[in-house]
Amino acid sequence: MSMTLELLCSRLLATSVQTALLAGLVWLLCRYVRRLPASTQCALWWLVALQAVVGVFWASPLELPLLPALDAAPVVAQTMTMTTTASAAAAPIIVMQPLPVDSGWSWSLVLMAMWAAGVLVMALRTMLALRASRVQLRAAQPCRDHKLNAALALAADAHGLRRAPRLMLSNAIDSPQLIGPWRPVLLLPARGLQRMGDDQLDMALTHELVHLQRHDLWLGLVPALAQHLFFFNPVVHLAAREYAIAREAAVDAAVVAGDRHCRQHYGRLLLQLGVAPRPGAGLASASPTFLSLKRRLLMLQDTSSFPRAGAVLILAAVALVGVAPLRLVAMPVPPAPPAPPAPVAAPVAPMVPTAPTAPAAGSVSRTVVAAAAVPAAPPAPPAPPALVVPPAPPAAPPAPAAPLRTQGMIHLSSNQNADGYVLIRGNHNVMNGSVADLREAKQLDDGKGVLLVRRDGKRYVVRDAATLSRFERLYAESVRLGDAQGRLGDRQGALGDRQGQIGERMGEIGARIGELANEQAQLALSSGERTAAQRRASEEARRKLDQAREEMENPAMRAEMESLAAQQRELGKQQAELGRQQAAASARANRDAEQLIREAISSGIAQPIKG
């Protein structure tokens, strides 16, 4: 339960940040892209609300490896490659356990309780608004004007609607309103109907029919849901308000399209309708605020056009870039280079404590348990003085063990309620779990490979060879990309060393230039008539200074530095591309791995572990 709350809390926070960034982008587009149609602005602000809703319910965000890679941090890296040798197998592994947390309550529980209370309050307000709308509909009277009903039916057919909305008269409203997405009802003000001319009534009815044609009653549910879920986020409320204003302006533009003189009459109609509260479960022709009325009147004055292809491209770009939930992660860390040959000879030196050492028996036991996570080196030959038995002949130095590759996610914590898995297959591990999971999987491994799975607090083991092979193949592409990144990292390191050597050389020359310039200045400032030796010393200092400056300005050295910098930039681009490909490959592999685990559990291939 606590993990679910923490996940929901993190999603709300991440989505709020992404919504703010997307809203800023949309605001800049609406502000600085000239002649951008109101319909396009309406769609852009609707995409902001859609992104907020999608961010809460999307299962796995798309990961963007844009953050700098971290060599050692308490967070979990997306991909980690470890290499050990036989000499390091006996070294103890130190596992840091997190501090105990009070299981009674947590900050995430408090925040989620406050969020649930806010959502409940918003839901109650919406229910009260729906109830008020139903009461208003029950108090309304059907329109008995057959001529008006017939005209509405013809107009609805002209707008491509399958059927016209019901037309009713109400004494509780001052402007036309459209209520209900399922069975829409068009309410007309009974008192103000007589004051409206035929042209004004026709424009008002057309306004509401355009709303139906655009499916605004249904589309408006997305910003409303976003406001309920993110009641605490002012950016979401701003997006919903801007969407509503742009939606009315888009409908206004559709009503007056093609008729320049109609704009004046339509503007007078908007002024006549004035400002009225927006219905809780529908749309109204009147503006909800003076700001909305002012902006609608200003948009009516814009008669310029905008390329349709440009508007479509803008919408497509914002939808592709901003709607899907994103998560910034650290760039994959390049695999470490192979260990130098020197440590391989470490078993010759007496670095491993012998078993008979009695005072350190407890520590030796803990070391043996911790070192079970890596391949153990062959035991060193015992020293003759420390044993009663005759000494054994010296053994040949052991060959280096094959590198142990761990692909996936290694968690420092050991939460037994969290889902996870560990695959051990030869010298290649694939995992998304803790160090304790890796240790338990190694204990279960019989040399033929094993898959340890934790789901919903239960543990399973899979030994089926076909399933293990399928699981391992899922991460083959990610492993290949990780190796390629490691090779690029080696090349970048070599270029960096060369750049460092040249930079060190230039630094030495610069220091020498400073010393020679100081020496020459002291000789020039010496008082009195200089001797021949002093003149020769001054000339020699000037000659050395000129040589140092020529060496500093050596074209070959500068050309090499520029060439090295260009190679570094090219390798950096390749590294970034490989990181993007590896992030995508890891995401695909994780999804396929989850599906494979579910199939193994449902089919019985995954056997429960007792105890």
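Read on for an overview of the structure. In this text, all values refer to a predicted model and were calculated from it rather than measured experimentally. (Residues numbered from 1 in each chain as written. Predicted model: local features only at pLDDT ≥ 70, side-chain atom pairs only at ≥ 80, totals over all residues. Heavy atoms only, no water.)

Turning next to the overall build of the protein chain. Regarding its fold elements, the protein chain presents 17 helices and 13 strands. In the protein chain, 75% of the contacts between residues at least 6 apart in sequence involve partners at least 24 apart. Summed over all atoms, the accessible surface of the protein chain reaches about 35,600 Å², with 62% contributed by carbon and sulfur. (Helix = DSSP H or I, 4+ residues; strand = E, 2+ residues; numbered from the N terminus. Contact = heavy atoms within 4.5 Å. Areas by Shrake-Rupley, 256 points an atom, 1.4 Å probe, with all protein chains shown as cover.)

Time to look at the sheet that holds strand β5 (residues 185-189). Spatial ordering of the open sheet is given by β2-β3-β5-β4-β6, a layout of five strands whose pairing is mixed. Either end of the sheet is taken by a strand with one partner, and the two such strands are β2 (141-142) and β6 (282-284). The sheet contact formed by strand β4 (residues 177-179) and β6 spans three bridges and is antiparallel. Paired with Ile179 across the strands is Gly282, a residue of β6. Against the sheet, helix α3 (residues 107-139) engages β2, β3 (166-170), β4 and β5, with an angle of about 115 degrees to β4. (Pairing = 2+ DSSP bridges. Axes fitted to C-alpha atoms, helices over the stretch in contact; angles between N-to-C directions.)

Right, let's get into the environment of Arg278. Within the element layout of this structure, Arg278 appears in the loop between α9 (262-273) and β6. Measuring from C-alpha to C-alpha, the distance between Arg278 and Pro288 comes to 5.5 Å, with 10 residues separating the pair along the chain. The residues touching Arg278, leaving out its near neighbours within four places in the chain, are Ala244 and Pro288.

With that settled, the discussion passes to helix α10 (residues 290-300). Restricting attention to buried positions, one finds in α10 the residues Ser292, Leu293, Arg296 and Leu300. Buried positions in α10, seen along its axis, are confined to an arc of 100 degrees and lie on one side of it. Exposed positions of α10 whose direction lies more than 90 degrees from the buried face are Phe290 and Lys294. Summarising the contacts, the buried residues of α10 are in contact with α5 (198-213), α8 (234-255) and α9. (Buried < 20%, exposed > 50% of the residue type's maximum accessible area, 1.4 Å probe, protein only. Arc of directions from axis to C-beta.)

Moving on, we get to the packing of aromatic side chains. We describe a pair of aromatic rings using the distance from one ring centre to the other and the angle between the two ring planes. Summed over the entire model, instances satisfying the criterion amount to six aromatic pairs. Here the aromatic rings of Phe231 and Phe232 are separated by 5.6 Å at their centres, their planes lie at 90 degrees, and the arrangement is edge-to-face. Classification of Phe231 by relative accessible area gives partly exposed; the value is 26%. Overall, Phe232 belongs to the partly exposed group, its relative accessible area being 41%. In textbook terms, an aromatic cluster arises when at least three aromatic residues are bridged by ring pairs, as seen for Phe230, Phe231 and Phe232. (Phe/Tyr/Trp six-rings, centres within 6.5 Å; stacked < 30°, edge-to-face > 60°.)

The geometry of helix α14 (residues 465-474) relative to helix α17 (residues 555-603) is characterised by a closest axis approach of 9 Å and an angle of 165 degrees between their N-to-C directions. Looking at the two axes, α14 sits roughly antiparallel to α17. In this structure, the crossing between α14 and α17 has a hand that is left-handed. The segment α14 lies against α17, with Thr467, Arg470, Phe471 and Leu474 engaging Ala589, Asp592, Ala593, Leu596, Ile597 and Glu599. Classifying every residue of the contact of α14 with α17 by side-chain character gives six nonpolar, one polar and three charged. (Parallel < 35°, antiparallel > 145°, perpendicular 65-115°, else oblique. Left-handed = near helix turned anticlockwise from the far one by under 90°. Nonpolar A, V, L, I, M, F, W, Y, C, P; charged D, E, K, R; others polar.)

Let us now look at the side chain of Arg454. Mapped onto the secondary structure, Arg454 falls in strand β11 (residues 450-455). Engagement of the side chain of Arg454 in a polar contact is seen with the side chain of Asp437, the distance being 2.4 Å. (Polar contact = N/O pair within 3.5 Å; in protein donor to acceptor, adjacent residues only side chain to side chain.)

What follows concerns the pattern of salt bridges. Pairing of side chains with opposite charge becomes possible as their charged atoms draw close. Overall, the coordinates contain 16 salt bridges when judged by the stated rule. For Glu599, the salt bridge identified is with Arg470, shortest N-O distance 3.7 Å. Pair noted here: Glu599 is in helix α17 and Arg470 is in helix α14, with a separation of 129 residues, a long-range link. A salt bridge links Glu540 to Arg543; its shortest N-O distance comes to 2.2 Å. Taken as a pair, Glu540 and Arg543 lie in helix α16 (residues 532-552) at a separation of three residues, close to a single helical turn. With relative accessibility at 38%, the residue Arg543 sits in the partly exposed group. Shared partners join several salt bridges into a network, and the residues in it are Arg247, Glu248, Asp252 and Arg296. (Salt bridge = Lys/Arg side-chain N within 4 Å of Asp/Glu carboxyl O.)

This part covers the packing of α8 against α10. Direction vectors running N to C along α8 and α10 enclose 40 degrees, while the axes themselves pass 10 Å from each other. The pairing of α8 with α10 is recorded here as oblique in orientation. The handedness of the crossing between α8 and α10 is right-handed. On α10, the residues touching Arg241, Glu242, Ile245, Glu248, Ala249 and Asp252 of α8 are Leu291, Ser292, Arg295, Arg296, Met299 and Leu300. The residue makeup of the contact of α8 with α10, split by class, is five nonpolar, one polar and six charged.

Now for a positive patch on the surface. On the surface, a cluster of positive charge is contributed by Arg162, Arg163, Arg166 and Arg183. Looking at the element boundaries, Arg163 is found in the loop between α4 (146-158) and β3. Judged by relative accessible area, which is 63%, Arg163 ranks as exposed. (Patch = residues over 30% accessible without salt bridge, like charges linked within 9 Å, V, L, I, M, F, W, Y side chains within 5 Å. Lys, Arg positive; Asp, Glu negative; His and termini not counted. Charge placed at Lys NZ, Arg CZ, Asp CG, Glu CD.)

Take helix α2 (residues 38-57) next. Here α2 contains 20 residues, and its C-alpha end-to-end distance of 29 Å stays within 8% of the 28 Å for a straight helix at 1.5 Å per residue. With 15 of its 20 residues buried, α2 lies for the most part within the structure. (Expected span 1.5 Å × (residues − 1).)

Don't take any of this as a statement about function, it's just geometry.
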